[in-house]
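# Structure assessment
Each chain, letter by letter, is given below.
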Amino acid sequence: VLACGSNGSSGDDDDMPTPDAPTEEGTWTPLITKGWQPAPGGEKTSDLQIDTTDRELVIGGLRPLSPLGTHHTLLFRGASGANAIYASGVGTGELRFPPGKAMKIPKGQLIGLQLHIFNQTDQMLSGTSGIEMMEVDPADVTEEVDMFLPGPQDLQLAPNAETTASGSCTVK
């Protein structure tokens, strides 16, 4: 499954989800987060957080936790960032799987969060960005989904030049 979503958020802090905001199917809780505090005009282009899951996770939805200062988030399996399973940019909303479908992350799995944070103000800015999940009852799951972000991992573009790149993959 390759998926993306948007809720049309204005980007104001009032539109941001809170970790315990109830939803129709469940409760959103943090999957992985990282605090930050760039100086005025500062930027962190690859701020990483690596965690290990303490139990099997059966996930029916994902959404970014992205206050002002968050440009994008990337969730991946492992420690290198090569196995991306979810990404969000400014304005990305929640992604819910259809009933009976869920993504499973096993106990003991390394998961990583890569953040691009920037402060375009003249004041100190601090926050916590990350990915929230909505867990579902494993007994309700009839099919497991997985996500990947396709594309060449070694893509290089020459500056100030028109470049064409192509690739292929087999999805089963």
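The present account deals with the structure reproduced in this document. Quantities reported herein were computed from a predicted structural model and do not represent experimental measurements. As a convention, each chain's residues are numbered from 1 in the sequence order in which they are written. Confidence filtering applies because this is a predicted model: local features only for residues at pLDDT of at least 70, side-chain atom pairs given and counted only at 80 or more, and all residues used for totals across whole chains, interfaces and linings. The side-chain quantities take in all heavy atoms of the structure and omit both hydrogens and water.

On to the overall build of the chain. Elements are defined by DSSP. Helices are runs of H or I of four residues or more, strands are runs of E of two residues or more, and each kind is numbered from the N terminus. Helices and strands together make up the secondary structure of the chain, namely 0 helices and 10 strands. Starting at the N terminus and ending at the C terminus, the chain contains elements arranged as β-β-β-β-β-β-β-β-β-β. Any two residues whose heavy atoms approach within 4.5 Å at even a single point are treated as in contact. Counting contacts in the chain only where the partners sit at least 6 residues apart, residues at least 24 apart contribute 83% of the total. What sets the accessible areas is the Shrake-Rupley method with a 1.4 Å probe; for residues, cover comes only from the shown protein chains. Split by element, the accessible area of the chain, about 10,200 Å² in all, is 49% carbon and sulfur.

Once that is clear, we can look at the pairing of strand β3 (residues 57-65). Think of it in three bands: with a 1.4 Å probe and only protein chains considered, a residue is buried below 20% of the maximum accessible area for its type, exposed above 50%, and partly exposed in between. With 9 of 9 residues buried, β3 lies mostly within the body of the structure. Examined bridge by bridge, β3 and strand β7 (residues 101-105) share 3 bridges and lie antiparallel to one another. The residue of β7 that forms the bridge with Val58 is Lys104. Relative to strand β9 (residues 127-135), β3 is paired through 6 bridges, and the arrangement is antiparallel. Residue Leu65 lies in a different strand from β9, and its bridge partner there is Gly130. Bridging between β3 and strand β6 (residues 95-96) involves 2 bridges; their strand directions are antiparallel. Each residue of the ladder has a partner; that of Leu62, found in β6, is Leu95. One bridge is not enough; two strands pair if DSSP finds at least two bridges between them.

On to the nonpolar core. Nonpolar cores were defined as sets of buried Ala, Val, Leu, Ile, Met, Phe, Trp, Tyr and Cys residues, with membership established by side-chain atoms within 4.5 Å. In terms of nonpolar packing, the biggest core is built from 22 residues, with Leu31, Leu62, Met103 and Ile131 touching the most fellow members. For this core, the secondary-structure elements that each account for two or more residues are β1 (28-36), β3, β5 (83-89), β7, β8 (110-118) and β9. In terms of residues, this core owes the most to one element, β8, which gives 4 residues. Dropping the residues within four chain positions of it, Ile131 is found in contact with Pro30, Leu31, Ile32, Leu62, Arg63, Pro64, Leu65, Thr73, Leu75, Tyr86 and Leu113.

Let's shift gears to empty space enclosed by the protein. A pocket here means an open set of points on a 1 Å grid, computed over the protein atoms alone, that has protein on both sides within 12 Å along at least five of seven lines. A cavity is instead a set of points where a 1.4 Å probe fits but cannot get out; residues with an atom within 4 Å of a point line either one. Grid points are joined across faces, edges and corners, and a volume is the space filled by probe spheres set on the points. What the rule picks out here adds up to 1 cavity of 30 Å³ or more. What the largest cavity holds in volume is close to 30 Å³. Contributing to the lining of the largest cavity are Ser66, Thr70, His71, His72, Thr73, Ser88, Gly89 and Val90. Mapped onto the lining of the largest cavity, the elements with two or more residues apiece are β4 (70-77) and β5.

Turning next to the sheet that holds β5. With antiparallel pairing, the 4 strands of this open sheet are ordered in space as β2-β8-β4-β5. The open sheet is flanked by β2 (43-52) and β5, the only strands paired with a single partner. The mean angle between the axes of side-by-side strands here comes to 15 degrees, regardless of whether they run parallel or antiparallel. Here 8 bridges tie β2 to β8, and the two strands are oriented antiparallel to one another. Axis angles are defined between N-to-C directions and span 0 to 180 degrees, where every axis is a line fitted to C-alpha atoms and, for a helix, only to the segment in contact.

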